[in-house]
Each structure stands twice: as C-alpha cells, then as structure tokens.
Amino acid sequence: MRVNLIDFNIAVGKHKPRTFQGMPNQSSCPFCDVKNLTGILATEGNIILLKNKYNVMEPSDQLVLIETDQCRSDIPEYSREHMRRLVRFGLSHWLTMVNSGDYQSVVFFKNFGPLSGGTLRHPHMQIIGFPKINPALMYEPEEFQGVPVITQNGVEVNISTQPRVGFTEINLNLTAAAYSSKVAFAEEKVQSPAPLPLPGAMDTLADYIQGAVAFLKEIHQRENFSYNLFFYIYQGRVHVRLMPRYPTSPLFIGYSIHLNPTNREQTAKQLREKLALI
Ligand SMILES: [Zn+2]
C-alpha cells in the first residue's frame, strides 16, 4: 500500500499527561514547571526546545518546542517580536535536523485546541525526525495552489483550491525570492538540501502566520477553536499550511472526498485586507 506506517507505542502513550478538560490523565501543566523539565536542547528567552518525554512513535526522535511561558496564550497574543523569534528559532532547528542526514523525513507542526489532536493547552510545536518515513507520500504538490491573497518578501499566501481535508486551508509558500541567490535546493519532495530562508522572509512569514491565525480565530468565534500549522519542504523551499480543525467529515474519513468551500474568493479578499495592514 502506498502509505507511511509507523508503530505507536501504546504503553508509553497511556501515561501522557493531558490538560484539556474532559480528557483522561488530567494533570497540572508540565510545560509551566520549567525547573523540572529534562532533556533541554536549546533555549531563547522563554522559548524552549527539548526532547519529548513520551516518544510514542517508533522509530523516531520527537522534540517539543515550548513557545512561551504564558500557558493560556497563543499566537494571536504574542508580540510581533516574539512571533518572529519563535519562527526563526523553529525553522532553524527543524532545517538543521532536515539537513543532518540522520533522517529520511523531519516534520514540524503545531497543534492548538482540543480538536487539533494535541493533549496540552500550553502553546507548543513539535519536531519529529523519522529514519523510515517517505516524504514523497506526505502531501500532494497541488495542495499548495490556491486563490492568491498576498505576496511579499518571497512569502506567497493563498487559500487552497485543493484542500487536503476540507474547508478553508491557508497556504504560506516561500518562493525563490525568500532565499539567497547562492543556495541550492532539493528537487520535488526530496527533503534536503533545504536552506534557511533570508531573515526578512522569515519575519514576513511570522507576521503572516500570526495574521492568518488571528483571522481564523475571528471567523470561528467558538471556545474550542482548534487548528494545526504544518511545515513542509517542497522543491527545497518551506511551505506552511494553516488548517482549522473540526470534527472531521465522514465523507473524508470514509471515502477521501475533500470538501471545497464555495466562499474561497470572499475569504481571500477578507484575509488580504487583514494581511495588507501588517
Ligand atoms: Zn503551561
């Protein structure tokens, strides 16, 4: 079968702490208890990269990136400076792992909210290195195409016209203009080399991610608002997808039918108005 399969260690997963109401293993927030964190790999201000205590996928190296010391906050509340620092820190550690040659694939993503697949409220991201996961099976390039929103500093934003699951998925794709003219890129879905983008492009990416998350939060006025951010490497360049999360449609789960929202043009216009103010 043309899919990636990996073992999930149930014995390890059973003990994972959870801080969303109603989930089992309710605990106080382990990411707030900074002095008892172990396996810290790097820090910058209150941003911490550490080994995941619950390495449930085998074989893999799972890291956690704690975004802030503010447990109840999230991306829309960060200062612009903090958001930029976070994106530069995350991209640089992720791409270092990608280019290390130790893994076939390295993924970088964020879960936020109870419907995102995450278990802890405290804002965090994950970086996972897989020695045996084929990047060619992780996405389709067409998913990065969409209704144009805005392009600046090599960051191209669009509303996906071929959503990966369904509804409003926002792409933030880096073009060649986001990189030094001297760098070399991997081809197609091969992961490395994947150079670090120029500082100005990373800052614009951070600003637009922050604006796009705030936009989604505004249009989904609900308490359990949830989303994922997924970082990909396509043609050696960083591509980011922001996906709102809902209980997933049975048409998708059962039959792989993707639901394409009919208000794409209108959403693109509203998002353009918001991002143009940044
Ligand atoms: Zn916390």
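Visitor: I keep staring at the sheet that holds strand β5 (residues 61–66) and nothing clicks. Help me out?
Guide: Strands in a sheet are paired, the pairing made by backbone hydrogen bonds, and the direction either parallel or antiparallel. Taken together, the 10 strands give an open sheet; going across it, the order is β2-β3-β5-β7-β6-β11-β12-β10-β9-β8, and neighbouring strands pair in antiparallel fashion. If you trace the sheet from one side to the other, it starts and ends with β2 (40–44) and β8 (146–152), each paired once. Averaged over all pairs of adjacent strands, the angle between strand axes in this sheet comes to 20 degrees, irrespective of strand direction. Bridge count between strand β9 (residues 155–160) and strand β10 (residues 170–174): 5 bridges; the pairing is antiparallel.

Visitor: Before we go on, may I ask you to explain the pairing of strand β11 (residues 226–234) in this structure?
Guide: Every other side chain in a regular strand lies on the same face of the sheet, so the side chains alternate between the two faces. Of all 9 residues making up β11, 8 are buried, and the element is well covered by its neighbours. By the bridge criterion, 5 bridges tie strand β6 (residues 105–112) to β11 in an arrangement that is antiparallel. Within β11, the residue paired with Phe-109 across the bridge is Phe-230. Relative to strand β12 (residues 237–245), β11 runs antiparallel, the two sharing 9 bridges. Residue pairing across strands places Tyr-227 opposite Pro-244, the latter belonging to β12. What sits between the antiparallel neighbours β11 and β12 is a turn of 2 residues, in which Gln-235 has the positive phi angle 55 degrees.

Visitor: Which parts of the structure should I look at to understand the environment of Val-155?
Guide: Among the secondary structure elements, Val-155 is positioned in strand β9. The exposure class assigned to Val-155 is buried, which follows from the 27 C-beta atoms found within 10 Å. The spacing of Val-155 and Leu-205 is 50 residues in sequence and 6.2 Å in space, taken between C-alpha atoms. If sequence neighbours within four positions are ignored, Val-155 has contacts with Leu-172, Leu-174, Ala-178, Ala-201, Thr-204, Leu-205 and Tyr-208.

Procedures and definitions
Residues numbered from 1 in each chain as written. Predicted model: local features only at pLDDT ≥ 70, side-chain atom pairs only at ≥ 80, totals over all residues. Pairing = 2+ DSSP bridges. Helix = DSSP H or I, 4+ residues; strand = E, 2+ residues; numbered from the N terminus. Axes fitted to C-alpha atoms, helices over the stretch in contact; angles between N-to-C directions. Buried ≥ 20, exposed ≤ 12 C-beta atoms within 10 Å, placed from the backbone. Contact = placed C-beta atoms within 7 Å.

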